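Listed here are the chains, written in short residue letters.
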Amino acid sequence: GRTTEPIRLTRYQRYSLAAVRRVFDVLAGTPLHDDVSQLYARLFPSGDEDGAMIERFVYIPEAPKSYRKLKDQIYDIYEGILRTFTLQFQYETGSTPGGSRKVEPYALVLYQNGLYVVGRDVQKEAMRTFAVERMRRVRVLSNAPFKRDPSVDVSKMFEGAFGLFYSGERQHVVVEFTAAVAQYIEPREWHATQKMTRLEDGGLRVELDVTNLADVESWVMRWGHNAVVREPAALAQKVRDEHLKAAARYA
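Scoring rules and cut-offs
- Residues numbered from 1 in each chain as written.
- Predicted model: local features only at pLDDT ≥ 70, side-chain atom pairs only at ≥ 80, totals over all residues.
- Heavy atoms only, no water.
- Patch = residues over 30% accessible without salt bridge, like charges linked within 9 Å, V, L, I, M, F, W, Y side chains within 5 Å.
- Areas by Shrake-Rupley, 256 points an atom, 1.4 Å probe, with all protein chains shown as cover.
- Salt bridge = Lys/Arg side-chain N within 4 Å of Asp/Glu carboxyl O.
- Helix = DSSP H or I, 4+ residues; strand = E, 2+ residues; numbered from the N terminus.
- Buried < 20%, exposed > 50% of the residue type's maximum accessible area, 1.4 Å probe, protein only.
- Pairing = 2+ DSSP bridges.
- Axes fitted to C-alpha atoms, helices over the stretch in contact; angles between N-to-C directions.

J.: I tried to follow a nonpolar patch on the surface on my own but got confused; where do I start?
T.: Among the surface-exposed residues, Ile 7, Leu 9, Leu 17, Val 20, Val 23 and Leu 43 lie close enough to one another that they form a single nonpolar patch of about 480 Å² accessible area. Turning to its location among the elements, Leu 43 is positioned in helix α2 (residues 31-43).

Printed below as a string of structure tokens:
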């Protein structure tokens, strides 16, 4: 309803907008993806010369989750977050159906192409993270509004985390990678605290200070025999045990 000056964009700025359009494809089936698609249809009309820009940037997501059957419950999640209403739902943990949960939703988090709700679990009186696809029979309790705690900053909750798990004390992690994979490790920023040191044999030592080891373990396992945990000892033992179990299955 406001009168505003038109936003004038350079060709490079239009290309940048077109480039990030594909990133939203991982959210196909959600209201957010629908809204973004409509906006881009107006920005880059079909047949327009600049419309071809969208095809000049390709984004290849790694195993995105499918939300096409969950659109209705995602609308309910939006309603809870935007209007500060408590959500009630059944939460599945692994292969076992979980019990009923009541959660005051604070934010949606996109991690590894998957959506998660971060909110205060009413029964446990603590902040928790819930995978959207595991939330069943979501209901918005419009008669149960809540007041957001001003001291809770969701973005800061993940400071120090290596991935989605953020609870726990900081631990110093040292992982050494062989020369065969060092070229894939070194150019990336895996964590804000990382320190990288080249080894004499061409390998790479990576040091991190993280609050939870769950995602670090899967990261190390990803590199197979090309990664060795030096610290902490508990993490090294867990990775060793997993490798032994995997090897036993091939026996």
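J.: How should I be thinking about unusual backbone geometry in this particular structure?
T.: Here the bond from Glu 231 into Pro 232 is cis, since omega is -10°, no more than 30 degrees from zero. Here Pro 232 lies in the loop between β9 (227-231) and α7 (233-249). Of note in this structure, Ala 63 is not a glycine but carries a positive phi near 45°. Judged by its relative accessible area of 63%, Ala 63 falls in the exposed class. Although it is not a glycine, Gln 112 adopts a positive phi angle of roughly 50°.

J.: Help me understand the sheet that holds strand β2 (residues 100-111) in this model?
T.: The strands making up a sheet associate through backbone hydrogen bonding, with each pair oriented either parallel or antiparallel. Spatially, five strands are ordered β4-β3-β2-β1-β5 in an open sheet, and the strand pairing comes out antiparallel. Edge positions in the sheet fall to β4 (126-131) and β5 (135-145), since each of these pairs with one other strand and no more. Neighbouring strand axes in the sheet, compared pairwise and without regard to direction, differ in orientation by 45° on average. Note: strand β1 (residues 85-91) against β5, six bridges, orientation antiparallel.

J.: Whenever I open this one, the pattern of salt bridges confuses me. Can you help?
T.: Where side chains of opposite charge bring their charged atoms close, a pairing between them can arise. Scanning the entire structure with this criterion turns up 13 salt bridges. Of the charged contacts in the structure, one is a salt bridge between Arg 198 and Glu 186, with a shortest N-O distance of 2.9 Å. Here the residue Arg 198 occupies a position in strand β7 (residues 195-198), and Glu 186 occupies one in the loop between α5 (179-185) and β7, the gap between them amounting to 12 residues. On the accessibility criterion, Glu 186 (35% relative accessible area) is partly exposed. The network of salt bridges with shared partners includes Arg 21, Arg 22 and Asp 25.

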